[in-house]
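Structural overview for review
Here is how the chains run, residue by residue.
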Amino acid sequence: MRLGLVCASALALLLSAGPSVADKSPVKIGVLNDQSGLYADLSGLGSVEAARMAIEDFGGKLFGAPIELVHADHKNRADLASTIAREWFDNSKVDAIADLTASSVALAVQELARERSKFAIHTSGATSRLTGDACSPTGVHWAYDTYALANGTARALVAEGQDTWFFLTADYAFGHSLEKDTGAMVEKMGGKVLGAVRHPLDNQDFSSYLMQAQASKSKMIGLANASSDTLNAIRQAKEFGLVSMGQRLAALLLFITDIHAVGLEAAQELVLTTGFYWDRDEKTRAWSERFNKRRGHMPTMIQAGTYSAILHFLKAVEAAGTKEPKAVMEKMRAMRVDDFFGNGGYLREDGRMVHDMYLVRVKKPGQSKGPWDYFEVIRTIPGDEAFRPMKDGGCKYVKN
Amino acid sequence: MLFELLGVPPQALFAQLLIGLVNGSFYAALSLGLAVIFGMLNIINFAHGALYMAGAFVAWMLLHHFGIPFWASLVLSPLIVAVFGMALERVLLSRLYHLDHIYGLLATFGLVLLIEGTFRQLYGVSGRGYPTPEVLKGGWNLGFMFLPNYRAFVLVAALAVCFGAWFFIERTRIGSYLRAGTENARLLQAFGVNVPRMMTLTFGLGVALAAFTGVLAAPIYQVHPLMGFNIIIIVFAVVVVGGMGSILGAIVTGLALGVAEGFTRVFYPEASATVIFVIMAVVLLIRPQGLFGRR
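In this text the structure is predicted, and so the values were computed from the model without any measurement.

A few words on the overall build of chain B. Helices and strands together make up the secondary structure of chain B, namely 12 helices and 2 strands. For a compact globule of 295 residues, the expected C-alpha radius of gyration is about 19 Å, and chain B comes in at 19 Å, within 12% of that figure. Seen along its three principal axes, the alpha-carbon backbone of chain B occupies a region of about 65 × 50 × 35 Å. Here chain B holds 295 residues, and 55% of them are scored as buried.

Quick look at the structure:
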């Protein structure tokens, strides 16, 4: 048994170390995300532009050849995303796929990339499973995850005394993961989860669900959904008097583009956790203004994260002098993520990029100086506190 | 006793009944427009949802760029969108009447992609918020639920428009021309009625109904380019269950399916997105012409 294991690992080692010549073929990056559906504003073509900026800032060339960029719309369908990812990896010589909006898509492509020893750069799919049971030696999770969102927002609110929760949950991988992580955090802090109701993705009318949330008499209503689902829930919760009757909303995942769309009147005073805010320091402002000039809106944490992740990946490939996955991953971990987004963050063995998160409050209409001046940072959550400790994730590739 | 069996308090059921009626009135108003267009023009108007969305966006633009309030938009936006619709009918759809349904369906589907794509390009998928009109803010506490004034207004306005349209088509002289036109257009023309113009105006009426519903929806939902696509599939199911082309069928079925959907959200929320299609499948099995359809 023991001997067999040793032989097998020796064989695996031989196979993986097979070609001793460094792989210096041209580098090709794919951005695969929702470019037409409800997540198109928060990732979409904005992420493609961010990837383009990263390649330009890197210098546009690697190993003497131009770095190529391709992108496609997966329409939030895991089956379509898998087909595109397969075609990119197997026929189009794509080395890394980035963004990967929607957790269902992220989980599917994570597996495809792992089987082929290609890179999956997650900047958008939120589920914390990507660095837990579904982790991969060639997968990185960059901008945020459901654990960090729960940890930031739920911890702060329960500490304030908001200790009973009811969830409105988007009925797919992401919503389930966010509900689970937030519920666990609420209970860990001594609060109680009174119930949850699952709604289909891209739902219009929340009144029935809100009635159920109201009937639960919870102090907090946790919105474990995203984008237009969250916006509609916020608007309708106000309409049905939940807020004026004393219940509070926690938007567990909200992007700056969402605030822009729904307006400060509806979103004011919401507390949320984000991995990035453009108006934080000189460096974030400078990059965001550049992005704004090209896209006409300020970047979300996904778009800024896509820039940071791709730039870091390219630096690592250059430093390794090869595209060989193991060598590249070693370099990615060894080098600090020293840009406006990472702020000296680092990549863990389970694939999590650990960086500071920010607990912010949405400004009131009177406090905002104009478009995009939406957040007030109330707390900077240090990276090591923000993300799930590696030992709790259960990633099987982590050596103890 | 019954409530105990169901495990749901009666308050929750009454609340869902009311909510279901409000949502059902949206379905009714939209499917009514579809039924009018199908019944009179024989066109399956897939662009109905996109025109509903356009109605909401035009209201937003009127408010945002010209400061025109909700009440004026309720009239202006359907007029503007109806003019656009009638131009479409003249240029495009009127050439398809004598062809198979599938041509109309494909042409209008193409229109959906064009209209939605344009708005997506202009406003992004997140869209814009539309404020609730000042006088309709707040609501009544009915004991078993809090009913926002605006939702109550929607229910009344949508039903009034639905029954107005029904009365116009089934009980007035012009309505009788319309119905005669669907039976035998050539004979009607022989009596001196300008049938092509009547068709254009009918299409305009159907489109105006869609845009009107869009304006009603604007303060409730986020005004965004995909709002029509989300609802059009359900509305088609409503029309099929009610019977293609049946005016009364569209209204009654719209309300009933809204209520069915509301109740599903209490008992088994995961199925709320599919319950309408399950009902549609059952109805098609038992009564293929729809509940109110004639063979």
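Here we take up the interface of chain B and chain A. Tallying the contact residues gives 34 residues for chain B and 29 residues for chain A. Between chain B and chain A, roughly 2,700 Å² of surface is buried when both sides are summed, and carbon and sulfur atoms account for 49% of that area. Its largest share of buried area at the contact with chain A, chain B owes to F146, Q222 and R265 of chain B, together 22% of the area lost on that side. Taken together, chain B and chain A are joined by 3 salt bridges. A per-element tally of the side of chain B that touches chain A places helix α2 (residues 10–41) of chain B first, with 4 residues. The residue makeup of the side of chain B that touches chain A, split by class, is 18 nonpolar, 11 polar and 5 charged.

Let's shift gears to the sheet that holds strand β7 (residues 139–141) of chain A. All names here are of chain A. Spatially, β4-β1-β5-β6-β7 is the arrangement adopted by the 5 strands of the open sheet, whose pairing is parallel. Of all strands in the sheet, those with a lone pairing partner are β4 (68–73) and β7, marking the two edges. The mean inter-strand angle of the sheet, taken between neighbouring strand axes irrespective of direction, is 20°. In this sheet, strand β6 (residues 119–122) lies alongside strand β5 (residues 96–99) in parallel orientation, the contact comprising 4 bridges. Within the sheet, the bridge partner assigned to A98 lies in β6 and is I121.

To continue, consider the nonpolar core. Residues and elements named next belong to chain A. Core analysis: the largest hydrophobic core is formed by 137 residues, its most contacted members being L32, Y144, W165, L168, F313 and L314. Broken down by element, the residue count for this core peaks at 11 residues, all from helix α12 (residues 301–320). Other than its neighbours up to four places away in sequence, L314 contacts V27, I29, A54, I55, F58, L62 and I67.

We now examine the pattern of salt bridges. Oppositely charged side chains are able to pair whenever their charged atoms sit close together. All names here are of chain A. On inspection of all chains with the given rule, the structure shows 30 salt bridges over all chains. In this structure, the salt-bridge partner of D133 is R129, at a minimum N-O distance of 3.1 Å. Take D133: its relative accessible area is 49%, and that puts it in the partly exposed class. We classify R129 as partly exposed; its relative accessible area is 39%. Residue E179 pairs with R198 through a salt bridge whose shortest N-O separation is 3.2 Å. Pair noted here: E179 is in helix α6 (residues 173–188) and R198 is in strand β9 (residues 192–199), with a separation of 19 residues, a long-range link.

This prediction gives chain B a mean pLDDT of 89; 97% of its residues lie at or above 70. Model confidence for the complex is summarised by a pTM of 0.83, with the ipTM given as 0.79.

This paragraph deals with α6 of chain A. All names here are of chain A. Here α6 spans 22 Å end to end across 16 residues, near enough to the 22 Å set by a 1.5 Å rise per residue. Along α6, the residues that are buried comprise F174, G175, S177, L178, E179, D181, T182, G183, M185 and V186. On its buried side, α6 packs onto α4 (103–116), α5 (146–159), β8 (164–170), β9 and β10 (220–224). Positive phi appears at G190, one or two residues downstream of α6, with a value of about 95°.

A few words on the side chain of S77 of chain B. Residues and elements named next belong to chain B. Along the chain, the position of S77 falls in helix α4 (residues 70–91). A residue is classified by how much of its surface remains accessible, and S77, at 0% relative accessible area, is buried. The residues touching S77, leaving out its near neighbours within four places in the chain, are G55, V58, A59, L62, A211 and V215.

A cluster of nonpolar residues, F14, L17, W140, L142 and F144 of chain B, forms a patch on the protein surface that exposes about 460 Å² of accessible area. On the basis of relative accessibility, which here comes to 34%, the residue L17 of chain B falls in the partly exposed class.

All names here are of chain B. Under the counting rule described, the total for this entry stands at 27 aromatic pairs over all chains. With 4.8 Å between their ring centres and 25° between their planes, F57 and F119 make a pair best called stacked. Here F57 is found in helix α3 (residues 48–66), whereas its partner F119 is found in helix α5 (residues 101–123), with 62 residues between them in sequence. A single burial state applies to F57 and to F119, both of which are buried.

Remember that side chains alternate between the two faces of the sheet whenever the strand is regular. Residues and elements named next belong to chain A. For strand β15 (residues 357–362), the tally of buried residues reaches 5 of 6 residues, placing the bulk of the element in the interior. Of the pairings in the sheet, the one linking strand β12 (residues 271–274) to β15 comprises 4 bridges and is antiparallel in character. When the sheet's bridge partners are listed, V271 is paired in β15 with R361. In this structure, β15 lies alongside strand β16 (residues 375–381), joined through 6 bridges in antiparallel fashion. Note on β16: the bridge partner recorded for V360 is V377.

Definitions and cut-offs
Residues numbered from 1 in each chain as written. Chains lettered and ligands numbered in written order. Predicted model: local features only at pLDDT ≥ 70, side-chain atom pairs only at ≥ 80, totals over all residues. Heavy atoms only, no water. Helix = DSSP H or I, 4+ residues; strand = E, 2+ residues; numbered from the N terminus. Rg over C-alpha atoms; globule rule 2.2 N^0.38 Å. Buried < 20%, exposed > 50% of the residue type's maximum accessible area, 1.4 Å probe, protein only. Contact = heavy atoms within 4.5 Å. Buried area = accessible area lost by both parts, 1.4 Å probe. Salt bridge = Lys/Arg side-chain N within 4 Å of Asp/Glu carboxyl O. Nonpolar A, V, L, I, M, F, W, Y, C, P; charged D, E, K, R; others polar. Pairing = 2+ DSSP bridges. Axes fitted to C-alpha atoms, helices over the stretch in contact; angles between N-to-C directions. Core = buried A, V, L, I, M, F, W, Y, C linked by side-chain atoms within 4.5 Å. pLDDT = per-residue confidence, 0-100. Expected span 1.5 Å × (residues − 1). Patch = residues over 30% accessible without salt bridge, like charges linked within 9 Å, V, L, I, M, F, W, Y side chains within 5 Å. Areas by Shrake-Rupley, 256 points an atom, 1.4 Å probe, with all protein chains shown as cover. Phe/Tyr/Trp six-rings, centres within 6.5 Å; stacked < 30°, edge-to-face > 60°.

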